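What follows is each chain in one-letter form.
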Amino acid sequence: MKIDGKPHRTIWPAPDGNAVEIIDQTKLPHRFEITRLETLKDAAHAIKAMLVRGAPLIGATAAYGMWLAMREDASDAGLSNAYDRLYETRPTAVNLRWALDAARTKLSPLAPTARADAAFALAGEICDEDVEINRSIGEAGLAVIKDIQSRKKPGETINILTHCNAGWLATVDWGTATAPIYLAHDGGIPVHVWVDETRPRNQGASLTAWELGNHGVPHTVIVDNAGGHHMQHGQVDLVITGTDRTTRAGDVCNKIGTYLKALAAHDNGVPFYVGLPSPTIDWTIADGVRDIPIEERDHREVTEITGRLPDGAVATVTITPEKSNAANPAFDVTPARLVTGLLTERGLAEASEEGLLRLFPEMRQANKD
Ligand code: MRU
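Residues numbered from 1 in each chain as written. Predicted model: local features only at pLDDT ≥ 70, side-chain atom pairs only at ≥ 80, totals over all residues. Heavy atoms only, no water.

> Which parts of the structure should I look at to understand the layout of surface pockets?
One water molecule sets the probe size; rolling that probe over the atoms shows where empty space is left. In this model, the largest pocket occupies a volume close to 650 Å³. Lining the largest pocket are 26 residues, and of these Thr-26, Pro-200, Arg-201, Thr-306 and Thr-316 lie nearest its centre. Contributing elements (two or more residues each) for the lining of the largest pocket: α7 (203–215), α11 (300–303), β14 (304–308) and β15 (314–318). Among the residues making up the lining of the largest pocket, the classes are represented as 8 nonpolar, 9 polar and 9 charged. Two domains share the lining of the largest pocket, each providing at least three of its residues, namely domain 1 (2–128) and domain 2 (139–368). Of the voids in this model, the second largest pocket is the one considered here, and its volume is about 270 Å³. The wall of the second largest pocket is formed by 15 residues, among which Trp-98, Ser-278, Ile-281, Trp-283 and Met-363 lie closest to the centre. Those elements that provide at least two residues to the lining of the second largest pocket are α4 (95–107) and β13 (281–282). (1 Å grid on protein atoms, 1.4 Å probe; cavity = no way out; pocket = protein on both sides within 12 Å on 5 of 7 lines; lining within 4 Å. Points joined across faces, edges and corners; volume = space filled by probe spheres on them. Helix = DSSP H or I, 4+ residues; strand = E, 2+ residues; numbered from the N terminus. Nonpolar A, V, L, I, M, F, W, Y, C, P; charged D, E, K, R; others polar. Domains from an automatic or database assignment.)

Quick look at the structure:
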């Protein structure tokens, strides 16, 4: 997408060929900074400290991390060490495992001397594929938006609520939840987005609002607790979120708070859609609440908040009593029964095992194994 009129992806090989460059998302929306990743350690740090985040971008960064690692040590031991170092960075987004497995499968049979080049090529393929997938998710979501518009609000603005950042910053480009929004906006359909702030890290307020604003999409930031109110008052036509891992039965794991939005949507008859790239499907599990590992993050994300002071300096302040405990589960699971539909690169799927298998029939056999 464009920043100040210039097209950008979220990750790309450095022009000098010696590193990968990323947008440091911990600095947004106050500063736009590009950071170089030169080593396996840099890539692992970027994922763990959330300089990059969002399930597809975590996968893409891990793929480039394997390239950086292979330049340092392309032996079998080096390959296995790189896999483990990157795998342990964040537990919930399954795209990480998907990308690392793809790299290991491709690199293991090769001679060590061939591994770095192959890893670099694979990372580029994963990035290009992600862009295509998200564009296709956008087409599937655009059809849903057009349908709602023609049935319920011809010529009127369609109000879409989203949670966290499942925008282009969370992917290589386009975003999953935002791709339908960008396509609708660019195609002349009037859209307005309710942006959940998404405490504790405020990915909505900091990142989604920033990218929608850069693209000129009308939006309003709301506190996480306001969504139900807006739904009750008929001010939300549909919800679109992303996902970090969706089980083969259609249970959707996403940023903490997504489940409450799905409950409120269900209670108010508001359709609840999820942008789901196929690398985010975990075909190995069915029950999301039981089987998806939920990342517990640093409690200071809850007890502190960061923002810009009037003089432009960025500061972090404490907002809780010094002795209060805090808990910080980073994701929750929305059961399939609350999901109206899954927007995939192959079209709209019902949130069920049969619904997903209808679009991905090649997984029928794998599922039986
Ligand atoms: O902790 P984060 O910022 O990595 O969480 C991101 C999300 O929950 C996104 O909604 C999800 O990864 C989908 S991204 C297209």
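> What's the story with the packing of aromatic side chains in this structure? I'm lost.
We describe a pair of aromatic rings using the distance from one ring centre to the other and the angle between the two ring planes. Throughout the structure, instances matching the rule amount to 6 aromatic pairs. Relative to Tyr-87, the ring of Tyr-83 lies with its centre 5.9 Å away and its plane at 25 degrees, an arrangement referred to as stacked. Highlighted residues: Tyr-83 and Tyr-87, both in helix α3 (residues 76–87), separated by 4 residues, approximately one helical turn. Grouped by ring-pair contacts, the aromatic residues Tyr-64, Trp-67 and Phe-120 constitute a single cluster. Above the ring of Trp-67, the side-chain terminus of Arg-71 is found at 4.8 Å from the ring centroid. The residue whose ring lies beneath Arg-104 is Tyr-83, and the NZ or CZ to ring-centre distance is 3.9 Å. (Phe/Tyr/Trp six-rings, centres within 6.5 Å; stacked < 30°, edge-to-face > 60°. Lys NZ or Arg CZ within 6 Å of the ring centre and 35° of its normal.)

> Sorry, what's going on with the nonpolar core here?
One broad rule of soluble globular proteins: the nonpolar side chains tend to lie buried together. Counting residues in hydrophobic clusters, the biggest one holds 79 residues, and the most contacted among them are Ile-11, Met-70 and Leu-238. It is helix α5 (residues 112–152) that provides the largest number of residues to this core, a total of 15 residues. Among the domains, domain 1 (2–128) and domain 2 (139–368) are the pair contributing at least three residues each to this core. The residues touching Leu-238, leaving out its near neighbours within four places in the chain, are Val-144, Ile-145, Ile-148, Ile-158, Asn-159, Ile-160, Leu-161, Val-270, Pro-271 and Tyr-273. In terms of nonpolar packing, the next biggest core, distinct from the first, is built from 27 residues, Val-239, Ala-336, Leu-356 and Leu-357 among them. (Core = buried A, V, L, I, M, F, W, Y, C linked by side-chain atoms within 4.5 Å. Buried < 20%, exposed > 50% of the residue type's maximum accessible area, 1.4 Å probe, protein only. Contact = heavy atoms within 4.5 Å.)

> Just to check I follow, could you spell out the site of the ligand for this structure?
The environment of the ligand is formed by 19 residues, the closest being Arg-90, Gln-203, Asp-244, Asn-254 and Lys-255. The side chain of Arg-90 places a nitrogen or oxygen atom 2.8 Å from an oxygen atom of the ligand. Spatially, the ligand is embedded in the largest cavity. Elements represented by at least two residues in the shell around the ligand include exactly α2 (55–72) and β11 (252–255). Three or more residues apiece are contributed to the shell around the ligand by two domains, here domain 1 (2–128) and domain 2 (139–368). (Near = heavy atom within 4 Å. Polar contact = N/O pair within 3.5 Å; in protein donor to acceptor, adjacent residues only side chain to side chain. Sits in = over half its atoms within 2 Å of the grid points.)

> Looking at this structure, I do not really get the sheet that holds strand β9 (residues 238–241). What am I missing?
Backbone-to-backbone hydrogen bonds pair the strands of a sheet. The strands run either parallel or antiparallel. An order of β8-β7-β6-β9-β12-β17-β18 is seen for the 7 strands of this open sheet, with the pairing classed as mixed. Because the sheet does not close on itself, it has two edges, and the strands there are β8 (219–222) and β18 (347–349). Taking the axes of each pair of neighbouring strands and ignoring which way they run, one obtains an average angle of 25 degrees across the sheet. For strand β12 (residues 272–275) and strand β17 (residues 341–344), the ladder comprises 3 bridges, and the chain directions are parallel. Opposite Tyr-273, over in β17, you have Gly-341 as the bridge partner. Relative to the sheet, α5 contacts β6 (158–162), β9, β12, β17 and β18, its axis offset from that of β17 by approximately 135 degrees. On top of the sheet, α7 reaches β6, β7 (191–196) and β8; it is set at about 160 degrees to β7, its chief contact. (Pairing = 2+ DSSP bridges. Axes fitted to C-alpha atoms, helices over the stretch in contact; angles between N-to-C directions.)

> Before we go on, may I ask you to explain empty space enclosed by the protein in this structure?
Taken as a whole and assessed by the stated rule, the structure comprises 3 cavities of 30 Å³ or more. Of the volumes computed, that of the largest cavity is approximately 180 Å³. If you go around the largest cavity, you meet 22 residues; those closest to its centre are Gly-54, Ala-55, Asn-165, Asp-244 and Asn-254. Those elements that place two or more of their residues in the lining of the largest cavity are α2 and β11. Residue composition of the lining of the largest cavity, grouped by class: 8 nonpolar, 10 polar and 4 charged. Structurally, the lining of the largest cavity is a two-domain feature, drawing no fewer than three residues from each of domain 1 (2–128) and domain 2 (139–368). Size it by volume and the second largest cavity reaches roughly 80 Å³.

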